[in-house]
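Secondary and tertiary structure notes
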Amino acid sequence: NAGVTQTPKFRVLKTGQSMTLLCAQDMNHEYMYWYRQDPGMGLRLIHYSVGEGTTAKGEVPDGYNVSRLKKQNFLLGLESAAPSQTSVYFCASSYTASTEAFFGQGTRLTVV
Amino acid sequence: RKEVEQDPGPFNVPEGATVAFNCTYSNSASQSFFWYRQDCRKEPKLLMSVYSSGNEDGRFTAQLNRASQYISLLIRDSKLSDSATYLCVVQRSSASKIIFGSGTRLSIRP
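For the rest of this paragraph, the subject is the state of the cysteines. The final tally for this structure, using the stated rule, is two disulfides over all chains. Linked covalently through their sulfurs, cysteine 23 of chain A and cysteine 91 of chain A form a disulfide whose S-S length is 1.8 Å. Classification of the bridge connecting cysteine 23 of chain A and cysteine 91 of chain A rests on its S-S torsion, roughly -75°, and on that basis the disulfide is left-handed. Note that cysteine 23 of chain A is positioned in strand 3 (residues 19–25) and cysteine 91 of chain A in strand 9 (residues 87–94), a separation of 68 residues in sequence. Side by side, cysteine 23 of chain A and cysteine 91 of chain A carry an identical accessibility label, which is buried. Paired by a disulfide, cysteine 23 of chain B and cysteine 88 of chain B hold their sulfur atoms 1.9 Å apart. Of note, the bridge from cysteine 23 of chain B to cysteine 88 of chain B carries an S-S torsion of about 60° and is right-handed in sense. Placement of cysteine 23 of chain B in strand 3 (residues 19–25) and of cysteine 88 of chain B in strand 9 (residues 84–92) is noted, with a sequence separation of 65 residues between them. Each of the two residues, cysteine 23 of chain B as well as cysteine 88 of chain B, counts as buried.

Written as structure tokens, this is what we have:
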């Protein structure tokens, strides 16, 4: 039972490079989320999706794009990475927004 | 004002002590309440849901105070393994996204 799987787990990017983080869940959840976590800042919502083909902005969406082409996958893209995007990224999924959220193990991204 | 606010701590208490911390919320229409635990460099995991009548799970007790708009988490007989960050979630029934409090860091010393 894999739950929520994030790839990659670690990545170092140069400023201006692009990359895509993949989140996959096998629980048939409708809701999926991308958060970033910085020291002392808690979890901040980047983008979220309430179902296949839908996406919406969270608290800190600038510099990121997302896609939810398949229900089980939620992709987070950085088109032109900046040092300010150095962070730990967590993907999560839930049945609804009022039920338990299950998290992936996180992606540690460093932009130099 | 943030929707959900927590005292960041850190709370530094001796093993065996009882510790409690709160999470205040601003929207009186909130219906669902949760506590999550996050260990260092790990993902958050659900610790317990918070019910209107309060609930207990072993050494952990969660309570809801609707009048004052806060939830609380009480840990009795604290263990070294309780050291972690505790995050609260407060949701309206119509919510479409999950917003976490910024977390309270707890450190248990021998």
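Think of a sheet as strands paired side by side through backbone hydrogen bonds, with each pair either parallel or antiparallel. Residue and element names in this part refer to chain A. Taken in spatial order, the four strands make up an open sheet running 1-3-8-7, and their pairing is antiparallel. Whereas interior strands pair on both sides, the edge strands pair on one side only; in this sheet they are strand 1 (4–7) and strand 7 (65–67). Taking each pair of neighbouring strands and ignoring which way they run, the sheet shows an average axis angle of 20°. The pairing of strand 1 with strand 3 spans four bridges and is classified as antiparallel.

Here the structure, examined in full by the defined rule, presents twelve aromatic pairs over all chains. Plain terms: the ring middles of tyrosine 35 of chain A and phenylalanine 100 of chain B are 5.5 Å apart, the flat faces sit at 85° to each other, and that makes the pair edge-to-face. Separated into two different chains, tyrosine 35 of chain A in strand 4 (residues 31–38) and phenylalanine 100 of chain B in the loop between strand 9 and strand 10 (104–109) make up a pair that spans both. Like phenylalanine 100 of chain B, tyrosine 35 of chain A is buried. Taken together, a centroid distance of 6.4 Å and an interplanar angle of 80° make the contact between phenylalanine 103 of chain A and tyrosine 36 of chain B edge-to-face. Of this pair, phenylalanine 103 of chain A sits in strand 10 (residues 102–103) while tyrosine 36 of chain B is found in strand 4 (residues 30–38), placing the two residues in two different chains. A residue is classified by how much of its surface remains accessible, and tyrosine 36 of chain B, at 1% relative accessible area, is buried. An aromatic cluster is built from Tyr33, Tyr35, Phe90 and Phe103 of chain A together with Tyr36 and Phe100 of chain B, whose rings are joined through pairwise contacts.

Analysis parameters
Residues numbered from 1 in each chain as written. Chains lettered and ligands numbered in written order. Predicted model: local features only at pLDDT ≥ 70, side-chain atom pairs only at ≥ 80, totals over all residues. Heavy atoms only, no water. Disulfide = S-S within 2.5 Å. Helix = DSSP H or I, 4+ residues; strand = E, 2+ residues; numbered from the N terminus. Buried < 20%, exposed > 50% of the residue type's maximum accessible area, 1.4 Å probe, protein only. Pairing = 2+ DSSP bridges. Axes fitted to C-alpha atoms, helices over the stretch in contact; angles between N-to-C directions. Phe/Tyr/Trp six-rings, centres within 6.5 Å; stacked < 30°, edge-to-face > 60°.

Shape is all these values report; function is a separate question.
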